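Listed below, chain by chain, are the residues.
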Amino acid sequence: QVQLVESGGGLVQAGGSLRLSCAASGSSRRFNTMSWHRQAPGKQRELVGNISRDGITTYSDSVKGRFTISGDNTQNTVYLQMNSLKPEDTAVYYCRGRWGLSIYWGRGTQVTVSS
């Protein structure tokens, strides 16, 4: 059973940066894709971006140019570097991983951006 654990969230001022991590355990195989999602209060969960096993990344328009997803090839760990943060980036951030046909979610980490 794969487990995903996010870390690195916190409180930051607008314009600041945070780096989130998502560590996977329970599988010796490399993920197929890993993605970051977020959910703000009262809103639906939305995709932030994803990274394939080969390192190809895509991003939503709302974060493109500010957020960067990267992966650690030696471990099943992915990162979300968030720069130029805005108050509207405030949300719980989740990572989601796919191994074959199986999908796993982490429990999320809170990111709060103050104005």
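Residues numbered from 1 in each chain as written. Predicted model: local features only at pLDDT ≥ 70, side-chain atom pairs only at ≥ 80, totals over all residues. Heavy atoms only, no water.

### A short note on the environment of Y93
Assignment of secondary structure puts Y93 in strand β9 (residues 91-99). Judged by relative accessible area, which is 0%, Y93 ranks as buried. Apart from the residues lying within four places of it in its own chain, the contact partners of Y93 are E6, L20, W36, H37, R38, V48, F67, L80, M82, G108, T109 and V111. Polar contacts involving the side chain of Y93 include one to the side chain of R38, which spans 2.9 Å. (Helix = DSSP H or I, 4+ residues; strand = E, 2+ residues; numbered from the N terminus. Buried < 20%, exposed > 50% of the residue type's maximum accessible area, 1.4 Å probe, protein only. Contact = heavy atoms within 4.5 Å. Polar contact = N/O pair within 3.5 Å; in protein donor to acceptor, adjacent residues only side chain to side chain.)

### Section: the layout of surface pockets
Rolled over the atoms, a probe with the dimensions of a water molecule shows which regions are left empty. Of the pockets and cavities examined, the largest pocket occupies roughly 170 Å³. Contributing to the lining of the largest pocket are R38, A40, K43, Q44, E46, S62, R66, K86, E88, D89, T90 and A91. (1 Å grid on protein atoms, 1.4 Å probe; cavity = no way out; pocket = protein on both sides within 12 Å on 5 of 7 lines; lining within 4 Å. Points joined across faces, edges and corners; volume = space filled by probe spheres on them.)

### Thoughts on the pairing of strand β3 (residues 18-25)
As defined by bridge partners, strand β1 (residues 3-7) adjoins β3 across five bridges and the pair is classed as antiparallel. The residue bridging Q3 from the neighbouring strand is S25, located in β3. As paired strands, β3 and strand β8 (residues 77-82) are joined by six bridges and run antiparallel to one another. Residue pairing across strands places A23 opposite T77, the latter belonging to β8. (Pairing = 2+ DSSP bridges.)

### Examining the pattern of salt bridges
Evaluated as defined, the whole model comprises four salt bridges. Taken together, the salt bridges that share partners define one network made up of R38, E46, R66 and D89. (Salt bridge = Lys/Arg side-chain N within 4 Å of Asp/Glu carboxyl O.)

### Things to note about the sheet that holds β8
One open sheet holds the four strands; their spatial order is β1-β3-β8-β7, and the pairing between them is antiparallel. The open sheet terminates on both sides in strands that have one partner only, identified here as β1 and β7 (67-72). Strand-to-strand twist in this sheet, taken as the mean axis angle between neighbours without regard to direction, amounts to 15°. Pairing between β7 and β8: six bridges, direction antiparallel. Along β8, the bridge assignment pairs T68 with Q81. (Axes fitted to C-alpha atoms, helices over the stretch in contact; angles between N-to-C directions.)

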